[in-house]
Every structure is written in structure tokens, then in C-alpha cells.
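Spelled out from the first residue to the last, the chains are:
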2 protein chains.
Amino acid sequence: MDNSEDTGTRVIRHTREDVTRAALSILDELGLPDLTMRRLAAVLNVQPSALYWHFANKQSLLAAVSDSILEQLRPATATDDWRADLHAEARALRDALLAYRDGAEVVSSTLALGLGGDQAEERLAAAISRGGFDERISAAAARAVLHFILGHVSREQQHLQASSLGAAREPAGPLDDEDSAGGFEFGITLLAGGLEAYRMPGVASLRT
Amino acid sequence: MDNSEDTGTRVIRHTREDVTRAALSILDELGLPDLTMRRLAAVLNVQPSALYWHFANKQSLLAAVSDSILEQLRPATATDDWRADLHAEARALRDALLAYRDGAEVVSSTLALGLGGDQAEERLAAAISRGGFDERISAAAARAVLHFILGHVSREQQHLQASSLGAAREPAGPLDDEDSAGGFEFGITLLAGGLEAYRMPGVASLRT
DNA sequence: ACCTGAACACCGTTCAAGT
DNA sequence: ACCTGAACACCGTTCAAGT
């Protein structure tokens, strides 16, 4: 647990990556509201002020956590079916977000602030552009897909936590996990189908 | 400004609606981070603890603010073109969110927590179902549209604030307002087009 | 290069008591 | 029905100084 390849056991000294890792584990175990600078410092056996040597403020720490979550994105596989690829990218992103408690919320708010990398958006755009769409279209569509995914998974994670807390209440309904995953695929299908329709506008009355 | 139709000028006494209104105006003038219970109390000339007679906690206050924002949704007009109606509903929602600073973020996080009304989702679903889609499909599609709108407008408002702060920086590019509004319409078009394609799957290879 | 100590300026929330 | 007063248990951030 401690990377103490030092002389004794004292003088802990953390790297930026240590801090990010510890933050990620607090996030996963206690959730975003309990991920405070003071608690993080306590876990690292350090004064809160020490964290500000590694990060300018809490928001940049959260951006690093967000990037860390997105780094676990399973590698892309480019087949000859761009729609299948887009679905695969979307699922990979959903899985990465679901891998940590409140993952979607952290990534969502980080990206909304214009912080964090754009690996996710770029991979979605890459899959789409393999469908023969130009860069502008691919980028705009990727953003639409990303907004949908972040919103959907945020709600999903919120429900997961709510139902894990209030054990009783509604019998969870016959539709919840199943329906949530179904809703996810459906949303991606709509956006992919919309792209397909976009390039052959003769089919239906597509102007509005 | 004061609804003091009392004997003198003392004993202010607020209603839940007064509190919500005051919160909304702090939100609009100072933004979500500065909308604190203590500041709200100060504006109302009241102790912070007084707010807890009107609301159980800050989150329910924010839910009331969110509802308040969505109440300003301009009324729906049902024509014979469901796609035009959906676009109109989407624009109405965007305008309502843009009407207050950080409006999208407040509504987004409130809805994510399962709080607040579902007027927005229902109106989107109503427009979609006029296209002849069953209730399940309409509901799922409405949620997808709503996620896109909240994500898009959140980012839009973030950029608005960022550029109003850092006056200089990038020359704003030839694409920003224009591109943002264009991206919005494009997203709605994709989802509407996806729905149209969904009911006539023979057109292209739609299975995945 | 990384951290301590001490402080500043705040938070949300509870609860007994007042009118 | 609506509010005060006082307290509890916290926050994020800064900054001089230490090693």
C-alpha cells in the first residue's frame, strides 16, 4: 500500500499520482460528497495544506481523478462497421464511468468546466468519422453522444446508490437494471440512426 | 420589493415562495457557488436557521429553484409536424435554462437526484408520441433528448461565463455562439432522425 | 522537492426557545 | 406560523517556515 522503498518507514513523501490514486479510492468507497481535501490529507497522513503543493485547487485534483477514470477505458477495436464500433465505444465509456462510485458525475462536471482530457470525445468522433462523416459533423455528433452518455450514467449511478441505501421502497420494478441498460443502447441507436439518416435525407421529410 | 402590507415595516415573515424567489435572484446574479444558505438568509434579513422552517435542506431548496426555472417554459404548440414540435420544445427548454445563470446545472443536478418535477421530460415525450411512437419508446427517447439538452446547455453556460470573465484570450473564434446553437439543433435533429429511422429499419442496416 | 503549523473566511444543519 | 441565538462539526485555501 505504501511505496516506501526508503530507508526506514518515515518521511512518506507523495507524488501527484499517489494523491490522485488516494482520491480515487476515497471517491469509490465514500462517494463524491465525502471526497474532501481534509479527508484526503488524513488518508495520506499529511496536512491539508500539503495537497496544494501537488494541485492548485480541488477542481484540478478532480480533473486528475476524472482523467484517471477515463484512462481505464478499454482499448478501441476498429472493425468495418462504424455503427458497431460506436456502440462498442459507448459501452466502454459507460463501463469506465460505472467502475467508480460517482464516476459519471466527476467526469461530467470536469468536462463541463473544460478541464480534463478529451480522449473520450475523440474516440467517439473517430468511430463516427469512419462512417464517412466530415470532421465538423463527427465532432458535433460525438459531443451529442457524450452528453447523452454522461447524463444517462449519472442518473444510473444515482439510482444505484439510492436503491442500495433504501433497501425497501418500490420493489425495484421489473424494469430498472435491464431497462436502464436498454435505455442506454436505445439512446446510442437513436444517435447512430440519426447520423445515417442525416446523409440520406431523401428517405423521409428530414428538414425542420 | 417587500410584500409588507403589515401594520408597520417590522416583522418581515417570508413564505416558501419568497425564499425561492430570493434564491433564484442570487443564482442569477452571483451564480450557483455563491448561492449559500447563509447568503440567502442575509438577503432575506433572517438567520440562516430560519430557512430550515421552509425547506428541509439545501437540496430541496435547489429543487424548488429548479422547478421555478422550468415553470417559465414557454407554452407548447401542437402542430401536425411532430418533429417541428420536438424542435420547438427543445428550444423552449434551452431558452428557459439559459434565462438564469447556471440554470442548466441546477436543473441537471436536481433531476439527476430524482428531485423536481418532470414537466420538461413529459412535454418532450408528448411531442415525440405525436409521431406515433408507443409510450416506452417516447419516454426513453425523451430522456435521451433531455440528457443531451442539459449537457449541451451546461457546457454552453460554462463557456458564456468563462468568456465573460477572461475578456481577452482566444478571439472567440468564428464559431462559438453560432456553432453552439448549431450544435444544439444538430443534436436534436440526430435524435429526431434516429426516431424516424427506428420505425422504418429496412432503409439501412440498422441492427447492432 | 515536499511538507508543517497556524490561521482566515467561510460552510450546512440542529435545536431549544421566543412571538 | 415563522423566526432568533447559539452552537456543532465541518469546509477550501493561503502562507511563512521547515527539511
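This structure is a prediction, so every number in the text was calculated from the model and none was measured. (Residues numbered from 1 in each chain as written. Chains lettered and ligands numbered in written order. Predicted model: local features only at pLDDT ≥ 70, side-chain atom pairs only at ≥ 80, totals over all residues. Heavy atoms only, no water.)

## Details of unusual backbone geometry
Residues and elements named next belong to chain B.
Right, on to step 1. A positive phi is found at Asn 45, a non-glycine position, where the angle reads about 55°.
Right, on to step 2. Phi at Asp 102 is positive, roughly 60°, even though this residue is not glycine.
Right, on to step 3. With respect to the secondary-structure elements, Asp 102 resides in the loop between α5 (82-98) and α6 (103-112). (Helix = DSSP H or I, 4+ residues; strand = E, 2+ residues; numbered from the N terminus.)

## Some points on the interface of chain B and chain A
Right, on to step 1. Between chain B and chain A, the contact holds 37 residues from the first and 37 residues from the second.
Right, on to step 2. Across the interface of chain B and chain A, roughly 3,200 Å² is buried in total on both sides, 66% from carbon and sulfur atoms.
Right, on to step 3. Summed over the shared surface of chain B and chain A, the number is 2 salt bridges.
Right, on to step 4. There are 2 residue pairs in polar contact (both at pLDDT 80 or more) connecting chain B and chain A.
Right, on to step 5. At the level of secondary structure, the elements contributing two or more residues to the side of chain B that touches chain A comprise α5, α6, α8 (135-165) and α9 (177-199) of chain B. (Contact = heavy atoms within 4.5 Å. Buried area = accessible area lost by both parts, 1.4 Å probe. Salt bridge = Lys/Arg side-chain N within 4 Å of Asp/Glu carboxyl O. Polar contact = N/O pair within 3.5 Å; in protein donor to acceptor, adjacent residues only side chain to side chain.)

## A look at the relation of the copies chain B and chain A
Right, on to step 1. At an RMSD of 0.0 Å, chain B and chain A line up after a rotation of 180° and a shift of 0.0 Å along the axis. Both copies are brought into coincidence by an operation consistent with a two-fold rotation axis. Measuring from the rotation axis to each C-alpha of chain B, the shortest distance belongs to Gly 194 of chain B, at 1.9 Å. (Least-squares fit on C-alpha atoms with pLDDT ≥ 70 in both.)

## With respect to the pattern of salt bridges
Right, on to step 1. Taken as a whole and judged by the stated rule, the model has 20 salt bridges over all chains.
Right, on to step 2. Between Glu 121 of chain A and Arg 155 of chain B there is a salt bridge; the shortest N-O distance is 3.5 Å. Residue Glu 121 of chain A is located in helix α7 (residues 119-129), and its partner Arg 155 of chain B is located in helix α8; the two belong to separate chains.
Right, on to step 3. For Glu 121 of chain A, a relative accessible area of 18% corresponds to the buried category.
Right, on to step 4. A relative accessible area of 18% places Arg 155 of chain B in the buried class. (Buried < 20%, exposed > 50% of the residue type's maximum accessible area, 1.4 Å probe, protein only.)

## A closer look at the packing of helix α8 (residues 135-165) of chain A against α8 of chain B
Right, on to step 1. Running from N to C, α8 of chain A and α8 of chain B cross one another at 110°; their axes reach a closest spacing of 8 Å. When the axis of α8 of chain A is compared with that of α8 of chain B, the two are roughly perpendicular. Only Arg 143, Ala 144, His 147, Phe 148, Gly 151, His 152 and Arg 155 of chain B of α8 of chain B make contact with α8 of chain A, whose side of the interface consists of Arg 143, Ala 144, His 147, Phe 148, Gly 151, His 152 and Arg 155 of chain A.
Right, on to step 2. Looking at the contact of α8 of chain A with α8 of chain B residue by residue, the class counts come to 4 nonpolar, 6 polar and 4 charged. (Axes fitted to C-alpha atoms, helices over the stretch in contact; angles between N-to-C directions. Parallel < 35°, antiparallel > 145°, perpendicular 65-115°, else oblique. Nonpolar A, V, L, I, M, F, W, Y, C, P; charged D, E, K, R; others polar.)

## Focus: the protein's contact with DNA strand C
Right, on to step 1. Taken together, 18 residues lie near DNA strand C, and His 14, Gln 47, Ser 49 and His 54 of chain A together with Arg 38 of chain B sit nearest.
Right, on to step 2. Close to the protein, within 4 Å, the atoms of DNA strand C belong to sugar or phosphate groups at a rate of 52%.
Right, on to step 3. One of the backbone N or O atoms of Met 37 of chain B is found 3.0 Å from a phosphate oxygen in DNA strand C.
Right, on to step 4. In this structure, a phosphate oxygen belonging to DNA strand C sits 2.8 Å away from a main-chain N or O atom of Lys 58 of chain B.
Right, on to step 5. A class-by-class count of the residues in the surface near DNA strand C yields 5 nonpolar, 8 polar and 5 charged. (Near = heavy atom within 4 Å.)

## Section: the side chain of Glu 196 of chain B
Residue and element names in this part refer to chain B.
Right, on to step 1. If you trace the backbone, Glu 196 turns up in helix α9.
Right, on to step 2. Take Glu 196: its relative accessible area is 10%, and that puts it in the buried class.
Right, on to step 3. One polar contact links Glu 196 to Arg 199, side chain to side chain, over a distance of 2.7 Å.

## Structural notes on the UniProt feature "DNA-binding region" (unreviewed entry) in chain A
Right, on to step 1. In this numbering, the UniProt entry assigns the feature "DNA-binding region" (unreviewed entry) to residues 36-55 of chain A.
Right, on to step 2. Helix makes up 55% of residues 36-55 of chain A and strand 0%, whereas the separation of the span's terminal C-alpha atoms amounts to 14 Å. (UniProt positions renumbered as here; feature names shortened; annotations may be inferred.)

## A word on helix α5 (residues 82-98) of chain A
For the α-helix, the turn length of 3.6 residues means that residues three or four positions removed from each other point alike.
All names here are of chain A.
Right, on to step 1. A rise of 1.5 Å per residue sets the reference length of α5, with its 17 residues, at 24 Å; its end C-alpha atoms lie 24 Å apart and thus fit the reference within 8%.
Right, on to step 2. Within α5, 12 of the 17 residues are buried, which leaves the element mostly enclosed by the surrounding structure.
Right, on to step 3. Buried residues of α5: Trp 82, Arg 83, Asp 85, Leu 86, His 87, Glu 89, Ala 90, Ala 92, Leu 93, Arg 94, Ala 96 and Leu 97, and no others. (Expected span 1.5 Å × (residues − 1).)

## A few points about the domain arrangement of chain A
Residue and element names in this part refer to chain A.
Right, on to step 1. Domain boundaries assigned for chain A yield domain 1 (3-55) and domain 2 (73-198).
Right, on to step 2. The interface is formed by 8 residues belonging to domain 1 together with 6 residues belonging to domain 2.
Right, on to step 3. Contact between domain 1 and domain 2 buries roughly 600 Å² in total, counting both sides, with carbon and sulfur atoms accounting for 60%.
Right, on to step 4. When residues of domain 1 are sorted by the area they lose upon contact with domain 2, Leu 27, Asp 28 and Leu 32 head the list and together hold 66% of the total.
Right, on to step 5. Joining domain 1 to domain 2, the criterion identifies 0 salt bridges.
Right, on to step 6. Our count for the contact surface shared by domain 1 and domain 2 stands at 3 residue pairs in polar contact (both at pLDDT 80 or more). (Domains from an automatic or database assignment.)

## With respect to the protein's contact with DNA strand D
Right, on to step 1. Close to DNA strand D lie 18 residues, the nearest being Arg 38 of chain A together with His 14, Gln 47, Ser 49 and His 54 of chain B.
Right, on to step 2. Considering DNA strand D, the proportion of its atoms within 4 Å of the protein that are sugar or phosphate atoms stands at 52%.
Right, on to step 3. Within the backbone of Gln 47 of chain B, an N or O atom sits 2.6 Å from a phosphate oxygen of DNA strand D.
Right, on to step 4. At the level of secondary structure, the elements contributing two or more residues to the surface near DNA strand D comprise α2 (37-43) of chain A together with α3 (51-54) of chain B.
Right, on to step 5. In terms of residue class, the surface near DNA strand D is made up of 5 nonpolar, 8 polar and 5 charged.

## Let's talk about the packing of aromatic side chains
Right, on to step 1. The final tally for this structure, using the stated rule, is 6 aromatic pairs over all chains.
Right, on to step 2. Ring geometry for Phe 148 of chain A versus Phe 184 of chain A: centroids 6.0 Å apart, planes at 25°, classification stacked. Of this pair, Phe 148 of chain A sits in helix α8 while Phe 184 of chain A sits in helix α9 (residues 177-199); the two residues are 36 residues apart in sequence, bridging distant segments of the chain. For the residue pair Phe 148 of chain A and Phe 184 of chain A, the accessibility class agrees, reading buried in each case.
Right, on to step 3. Between the aromatic rings of Phe 186 of chain A and Tyr 198 of chain B, the centroid separation amounts to 5.3 Å while the plane-to-plane angle is 85°, which identifies the pairing as edge-to-face. Of the two residues, Phe 186 of chain A is situated in helix α9 and Tyr 198 of chain B in helix α9; the pairing between them involves two chains.
Right, on to step 4. Residue classification places Phe 186 of chain A among the buried positions, given a relative accessible area of 10%.
Right, on to step 5. The lysine or arginine in question, Arg 94 of chain B, covers the ring of Phe 184 of chain B, its NZ or CZ lying 5.3 Å from the ring centre. (Phe/Tyr/Trp six-rings, centres within 6.5 Å; stacked < 30°, edge-to-face > 60°. Lys NZ or Arg CZ within 6 Å of the ring centre and 35° of its normal.)

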